[in-house]
Amino acid sequence: MILQAENQVVDVHNLTVSYDNKPVLWNIDLTLPKGALVGIIGPNGAGKSTLIKAMMGIVPVDSGYVKIFGEALNVVRQKIAYVPQRESVDWDFPASVYDIVMMGRYGKMGLFKRPRKADADVVMDCLRKVGLVALKDRQIAQLSGGQQQRVFLARALAQEADLYFMDEPFAGVDIATETAIIELLREMRNDGKTVVVVHHDLQSAAEYFNWTILINTRLIASGPTPQVLTNELLQKTYGGKLDVLSQMQDIIKIEAFSVGHS
Amino acid sequence: MSEIWIILTGALVAISCGLLGSFLLLRKMAMVGDAISHAVLPGIVISFLITGTRESLPMLIGAGIIGVITTFLIEMLHQKLKLQEDASIGVSFTFLFALGVILISQFADKIDLDQDCVLYGDLAMIPFDQLTLTSGIEIGPRAFYVSMINLMVVIAVIVLAYKEFVITTFDNSYAKIIGISATLWHYVLMSCVSFTTVTSFESVGAILVVAFLVVPAATAYLLTNKLKIMLALSALFGLLSSVGGYYLATYFDSSIAGSMSVVAGFIFGLVFSYTKIAVRNTVQTEPILK
């Protein structure tokens, strides 16, 4: 069930990506609407991270193309922001919170230029949004997992982009950070930004996202969340692995209802 | 007089290496520096065979090219052929270095280069190769000026491209996404390392230049978590190693470059013990129960 978006910001056409001749993504064809909070859902190894990396042009693509805002990637690079997985960098790097968030401005500054006052203002504003102003001079090695995730989020915000890609921003963070992040993402969506999030928790997916992509190497579904997060499509995405999970959900539902009806 | 020239030349080499070494260390590529310093040997010999002189410029170009080829080779083996990175480094540089050794022994009668000189350098000899003005006045050893120009280039590149080096070191794929070419800056850094290695090979040699690339940077890394301070400290430790090493060598009448490396290692040991003690003390002063 692949629904095409109106007012498209991302257009992925027949995309195939493979590592070591093994396909990771097979013939993906989808579009994403402007102003959406998009969740990419699928089992481990389904190619979720690879999909956003291919959309941003940082993994080699076997076939197909990606258009962002109707243009080739290199033309619109300044409008794209990225929050990588927290584990993808070495947090012992000698830098402060402020230094890392300032990196979000580097793309706009241009070659050999130094940060100006305007850049510093944007950085402070982004630190405020994620609640890290008090920790701005803290060394990044001394942050908790949730705080590190907020640093990456602030860095992406500092890019002042229109389209945001986030790789598992909720992985390993405390519940306070998760709530703060999702609030921020909703604000961004309401400002007309598009946010694409790789997500692994089915429970919260329905609540968080208004557009959902289900993948398992192949694209299973893409469309408004209520139409996509159905038992049948989830079964198709997760194969047999979902059985236990869905049975448990059924049990919980029955118990909840039986209490309500008695 | 020659004493000052030797110390100054050693110091210039050490500072260049300290600055570049900091970035190599943070990129977890300290051993790529090792690889380049060995692999440039065939470049040096081939330039020598073509031009027939020990002029610095052709050697710099020849070795610079080979240095970049080495990094390219390592990247290719690692990325394309999926060989482990340490194995890729091992395969590439031993091959190129061995090629250099064969070339030297093959053409030993034609060239004024010997393996000992290339491997261990000879700082004590540098004052005998003076740069003379057209008026006939000797203004100092050639190696000194070559090292100074190299240091100025290294500093200029780091100052100009500081943010590019920082971002590609910390988060390579993020740099790509915001439009900063990770590949380009990788090769810029590696070219700087190649050139520095070649300018240093006459003075400290291909083996000990590795000590200058790795040890001062590693010492600085133990002491700070601010990159700019790390760069400054790394340069300072390089400087101290070369000055201290010179006097150690004169006192024991032994190899200057060897003594410099020993001093660098000694400073590392001191700093390492200091940080261990400092950490233990802070742990003890922290309340166990809050």
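Please read these numbers as outputs of a predicted model, since none were measured by experiment. All residue numbers refer to position in the chain's written sequence, counted from 1. Here chains are named by letter from A upward and ligands by number from 1 upward, in the order in which they appear as written. A pLDDT threshold of at least 70 governs which residues receive local features in this predicted model, and a stricter bar of 80 or more applies before side-chain atom pairs are shown or counted, although totals over entire chains, interfaces and linings include all residues. Only heavy atoms go into the side-chain values, all of them from the structure, while hydrogens and water stay out.

Another point: the overall build of chain B. Note on conventions: DSSP H or I runs of at least 4 residues are helices, E runs of at least 2 residues are strands, and numbering of each starts at the N terminus. Helix and strand counts for chain B stand at 13 helices and two strands. When each of the 290 residues of chain B is scored for burial, the buried share is 53%. Sequence-distant contacts in chain B: of pairs separated by 6 or more residues, those separated by 24 or more amount to 71%. For the accessible areas, the method is Shrake-Rupley and the probe is 1.4 Å, while residue cover comes only from the protein chains on display. Total accessible area on chain B is roughly 13,400 Å²; 70% of this is exposed by carbon and sulfur atoms. For every residue, the accessible area (1.4 Å probe, protein chains only) is compared with the maximum for its type, and the residue is labelled buried under 20%, exposed over 50%, or partly exposed between those bounds. Residues count as neighbours in contact if any of their non-hydrogen atoms are within 4.5 Å of one another.

Residue and element names in this part refer to chain B. Angles here are taken between N-to-C directions and fall from 0 to 180 degrees, while the axes themselves are lines fitted to C-alpha atoms, restricted in helices to the stretch in contact. Running from amino to carboxyl end, helix H2 (residues 30-39) crosses helix H10 (residues 182-201) at an angle of 50°, the nearest separation of the two axes being 9 Å. Relative to H10, H2 is oriented oblique. In this structure, the crossing between H2 and H10 has a hand that is right-handed. Contacts between H2 and H10 involve Val-32, Gly-33, Ile-36 and Ser-37 on the former and, on the latter, Met-190, Val-193, Ser-194 and Thr-197. Note on residue classes: Ala, Val, Leu, Ile, Met, Phe, Trp, Tyr, Cys and Pro are nonpolar, Asp, Glu, Lys and Arg are charged, and everything else, Gly too, is polar. In the contact of H2 with H10, the residues fall into four nonpolar, four polar and no charged. In this scheme, roughly parallel covers angles under 35 degrees and roughly antiparallel covers those over 145, while 65 to 115 is roughly perpendicular and the rest are oblique. Should the near helix be turned anticlockwise from the far one by less than a right angle, the crossing is termed left-handed; should it be turned clockwise, right-handed.

All names here are of chain A. For this document, the term salt bridge refers to a Lys or Arg side-chain nitrogen within 4 Å of an Asp or Glu carboxyl oxygen. This model, assessed by the stated rule, comprises 10 salt bridges over all chains. A salt bridge links Asp-162 to Lys-193, with the nearest nitrogen and oxygen atoms 3.9 Å apart. Taken as a pair, Asp-162 in the loop between helix H5 (145-158) and strand E6 (163-167) and Lys-193 in the loop between helix H6 (175-190) and strand E7 (194-199) lie far apart in primary sequence, 31 residues in all. On the accessibility criterion, Lys-193 (21% relative accessible area) is partly exposed. One salt-bridge network, in which partners are shared between bridges, spans Arg-105, Asp-119 and Glu-160.

With the exception of glycine, the majority of residues adopt a negative phi angle, and the majority of peptide bonds are in the trans configuration. Residues and elements named next belong to chain A. Positive phi, normally seen in glycine, also occurs at Asn-7, with a value near 55°. For Asn-7, the location among the structural elements is in the segment before strand E1 (8-19). Of note in this structure, Asn-27 is not a glycine but carries a positive phi near 55°. With respect to the secondary-structure elements, Asn-27 resides in strand E2 (residues 22-33).

To continue, consider the confidence of the model for chain B. Residues and elements named next belong to chain B. Per-residue confidence for chain B gives a mean pLDDT of 85; residues scoring 70 or more make up 90%. Residue-level confidence of the predictor is what pLDDT reports, using numbers from 0 through 100. Per-element confidence in chain B is highest for helix H8 (residues 162-170), whose mean pLDDT is 95, and lowest for helix H6 (residues 115-120), whose mean pLDDT is 66. Across residues 286-290, confidence stays below pLDDT 50; counting only partners more than four residues off in sequence or on other chains, it has zero contacts. Both confidence scores are given for the complex: pTM 0.87, ipTM 0.85.

Counting residues in hydrophobic clusters, the biggest one holds 166 residues, and the most contacted among them are Phe-165, Leu-185 and Ile-213 of chain A. For this core, the element with the highest residue contribution is helix H1 (residues 2-26) of chain B, accounting for 13 residues. Filtering out sequence-adjacent residues up to four positions away, Leu-185 of chain A remains in contact with Leu-37, Leu-153, Met-166, Phe-170, Val-195 and Val-197 of chain A. Buried residues of nine kinds, namely Ala, Val, Leu, Ile, Met, Phe, Trp, Tyr and Cys, make up a nonpolar core once their side-chain atoms join them within 4.5 Å. Core analysis: the next-biggest nonpolar cluster, separate from the first, contains five residues, Leu-41, Val-45, Phe-97 and Ile-104 of chain B among them.

Quick look at the interface of chain A and chain B now. Listed by partner, the interface residues are 32 residues for chain A and 26 residues for chain B. Reported buried area values correspond to the accessible surface (1.4 Å probe) lost by two parts on association, with both partners' losses combined. For the pairing of chain A and chain B, the buried interface totals around 2,500 Å² over both sides, and the portion due to carbon and sulfur atoms is 65%. The largest share of the area that chain A buries against chain B comes from Phe-93, Pro-94 and Tyr-106 of chain A, three residues that together contribute 26% of it. Our enumeration of links across chain A and chain B arrives at two salt bridges. Ionic pairing is found between Arg-155 of chain A and Asp-171 of chain B, a salt bridge with its closest N-O pair at 2.8 Å. N or O atoms within 3.5 Å of each other form a polar contact, as long as, within protein, one can give a hydrogen and the other can take it, and as long as residues adjacent in sequence are counted only when both atoms are side-chain atoms. The tally of links from chain A across to chain B stands at nine residue pairs in polar contact (both at pLDDT 80 or more).

This next bit is on the side chain of Ser-222 of chain A. Residue and element names in this part refer to chain A. Structurally, the position occupied by Ser-222 is in strand E9 (residues 218-224). At 3.1 Å, the side chain of Ser-222 forms a polar contact with the side chain of Trp-211. Beyond its immediate stretch of four places on either side in the chain, Ser-222 contacts Met-1, Ile-2, Leu-3, Leu-30, Thr-31, Trp-211, Thr-212, Ile-213 and Val-228.

On to the environment of Val-198 of chain B, then. Residues and elements named next belong to chain B. Relative to the assigned elements, Val-198 resides in helix H10. Remark: the alpha-carbon pair of Val-198 and Thr-134, spanning 64 residues in sequence, is separated by 27 Å. Once you skip the residues sitting within four places of it in the chain, Val-198 turns out to touch Val-40, Ile-44, Met-59, Leu-60 and Ala-63.

To continue, consider the pairing of strand E3 (residues 37-41) of chain A. Residue and element names in this part refer to chain A. Judged by how many residues are buried, E3 sits mostly within the fold: five of five residues are covered. Across five bridges, the pairing between E3 and E7 is parallel. Residue pairing across strands places Gly-39 opposite Val-197, the latter belonging to E7. For two strands to pair, DSSP has to find at least two bridges joining them.

Residues and elements named next belong to chain A. A pair of Phe, Tyr and Trp rings is counted when the ring centres sit within 6.5 Å of each other, with Trp represented by its six-membered ring. The angle between the planes then sorts it: under 30 degrees is stacked, over 60 is edge-to-face, the rest tilted. On inspection of all chains with the given rule, the structure shows 13 aromatic pairs over all chains. Measuring from centroid to centroid gives 5.0 Å for Trp-91 and Phe-152, while their planes differ by 45°, and the two rings are tilted. Taken together, the positions of Trp-91 in the loop between strand E5 (80-83) and helix H3 (97-109) and Phe-152 in helix H5 put the pair 61 residues apart, joining distant regions of the chain. As far as burial versus exposure is concerned, Trp-91 and Phe-152 are alike and both buried.

Each turn of an α-helix holds 3.6 residues, which means side chains three or four residues apart point in the same direction. Extensive coverage of H8 of chain B is indicated by the burial of nine of its nine residues. When H8 of chain B is considered as a whole, its buried residues turn out to be Tyr-162, Lys-163, Glu-164, Phe-165, Val-166, Ile-167, Thr-168, Thr-169 and Phe-170 of chain B.

The next point concerns the pairing of strand E2 (residues 138-141) of chain B. Residues and elements named next belong to chain B. The sheet contact formed by strand E1 (residues 130-132) and E2 spans two bridges and is antiparallel. Bridge pairing links Thr-132 to Glu-138 in E2. The turn linking E1 back onto E2 is made up of five residues, and Gly-136 within it adopts a positive phi angle of 95°.

Moving on to H10 of chain B. Between the first and last C-alpha of H10 of chain B there are 28 Å, a value that for 20 residues agrees with the 28 Å anticipated at 1.5 Å per step. H10 of chain B sits mainly inside the fold: 15 of its 20 residues count as buried. Under the convention used throughout, the expected extent of a helix is 1.5 Å for every residue step, that is, one less than its residue count.

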